[in-house]
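Take a look at the letters that make up each chain.
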Amino acid sequence: MTEVKQILQQQLSTAWALLDHHVQQWRDDDLFWEPAPSHWTMHQVEDGWAPDFADVEPTPVPAPTIAWLTWHIGWWWSTALAHLEQTDIPAREAISWPGTCTSITAWLGDIHQAWRTALSATDRLDDRSAFPWPEEAGRTVADMCAWVNIELTKNVAEIGQLLILRHAQL
């Protein structure tokens, strides 16, 4: 199990380093850049921010903004963390997106640190996991942790691509 934890931690460190690279380049006005007419973003509401969201993904899938992607990372990672720690699963609507590059960086940094700590402490990697798959899929907590690394890497690559496109147009 220690080898699996080390591999998962190393993969996470690589994905996190890529996010850190992009964070060094982003600005608040990049967050809401609309890459296509059909897009998902964050909307300011009375008590904070609300994401565009559909329980059934539309076809074609709307292009996400960096704002939406950072909320999405916070949402699924907070949910995965709750599954790993066996605590209450946060409702999607309860995920509070902070709204500026500086605060997003700190927010995701806090989730990252909590995840690293929980991953180091867990002895449940061989247990069954019902997230992000249904229970009957037969996946393990180790599978979920590997999925976190892949999903983070994918979302970070999307952020990087949006930054490249945005900055190429400036």
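Everything quoted here is computed from the prediction, not taken from an experiment.

Let us look at the overall build of the protein. In terms of regular secondary structure, the protein is built from five helices and four strands. The secondary structure elements of the protein, listed N-terminal to C-terminal, are α-α-β-β-β-β-α-α-α. Expected size for 170 residues packed as a compact globule is a radius of gyration near 15 Å; at 16 Å, the protein falls within 12% of this value. Dimensions of the protein, computed from C-alpha atoms along their principal axes, come out at roughly 50 × 30 × 30 Å. With 170 residues in all, the protein has 43% of them scored as buried. Taking all contacts inside the protein whose residues are at least 6 apart in sequence as the whole, residues at least 24 apart take part in 71%. As displayed, the protein offers around 9,100 Å² of accessible surface, 52% of which is attributable to carbon and sulfur atoms. Counting 9 positive and 23 negative side-chain charges, the protein places the averaged centre of each group 5 Å from the other.

The residues that UniProt annotates with the feature "domain: DinB-like" (unreviewed entry) are residues 11–159. In residues 11–159, the share of helix is 52% and the share of strand is 8%. The end C-alpha atoms are 18 Å apart.

Direction of pairing for strand β2 (residues 42–45) relative to strand β3 (residues 48–51): antiparallel, over a ladder of four bridges. Looking at the pairing, Gln44 lines up with Trp49 of β3. Between β2 and β3, which pair antiparallel in sequence order, lie two residues.

Where helix α3 (residues 66–85) meets helix α5 (residues 141–169), the closest approach of the two axes is 10 Å, and the angle between their N-to-C directions is 170°. Taken together, the axes of α3 and α5 are roughly antiparallel relative to one another. Contact with α3, carried on its side by Ile66, Leu69, Thr70, His72, Ile73, Trp76, Trp77, Ala80, His83 and Leu84, involves Val141, Met144, Cys145, Trp147, Val148, Glu151, Leu152, Asn155, Glu158, Ile159, Leu162 and Leu163 of α5 and no other residues of that element. When grouped by side-chain class, the residues that make up the contact of α3 with α5 number 16 nonpolar, four polar and two charged.

It is worth spelling out the side chain of Asp52 at this point. Relative to the elements of secondary structure, Asp52 occurs in the loop between β3 and β4 (63–64). Arg92 provides the closest opposite charge to the buried, salt-bridge-free Asp52, at an N-O distance of 9.9 Å. A polar contact is formed between the side chain of Asp52 and the backbone nitrogen of Thr41, at a distance of 2.8 Å. Here the side chain of Asp52 touches His43 through a polar contact of 2.7 Å, side chain to side chain. Not counting residues within four places of it along the chain, the set of residues in contact with Asp52 comprises His39, Trp40, Thr41, His43 and Trp68.

Turning to the pattern of salt bridges, a few remarks are in order. A complete count under the given rule lists nine salt bridges for this structure. Salt-bridge contacts for Arg92 lead to Asp55; the nearest nitrogen and oxygen are separated by 3.8 Å. Placement of Arg92 in the loop between α3 and α4 (101–121) and of Asp55 in the loop between β3 and β4 is noted, with a sequence separation of 37 residues between them. For Arg92, a relative accessible area of 22% translates into the label partly exposed. Here Glu158 and Lys154 are joined by a salt bridge, their closest N and O atoms 3.4 Å apart. Of this pair, Glu158 and Lys154 both sit in helix α5, separated by four residues, roughly a single helical turn. Look at Glu158 and you get partly exposed, because its relative accessible area is 28%. In this structure, a network of salt bridges that share partners links the residues Arg27, Asp29, Asp30 and Arg166.

The rules behind each value
Residues numbered from 1 in each chain as written. Predicted model: local features only at pLDDT ≥ 70, side-chain atom pairs only at ≥ 80, totals over all residues. Heavy atoms only, no water. Helix = DSSP H or I, 4+ residues; strand = E, 2+ residues; numbered from the N terminus. Rg over C-alpha atoms; globule rule 2.2 N^0.38 Å. Buried < 20%, exposed > 50% of the residue type's maximum accessible area, 1.4 Å probe, protein only. Contact = heavy atoms within 4.5 Å. Areas by Shrake-Rupley, 256 points an atom, 1.4 Å probe, with all protein chains shown as cover. Lys, Arg positive; Asp, Glu negative; His and termini not counted. Charge placed at Lys NZ, Arg CZ, Asp CG, Glu CD. UniProt positions renumbered as here; feature names shortened; annotations may be inferred. Pairing = 2+ DSSP bridges. Axes fitted to C-alpha atoms, helices over the stretch in contact; angles between N-to-C directions. Parallel < 35°, antiparallel > 145°, perpendicular 65-115°, else oblique. Nonpolar A, V, L, I, M, F, W, Y, C, P; charged D, E, K, R; others polar. Salt bridge = Lys/Arg side-chain N within 4 Å of Asp/Glu carboxyl O. Polar contact = N/O pair within 3.5 Å; in protein donor to acceptor, adjacent residues only side chain to side chain.

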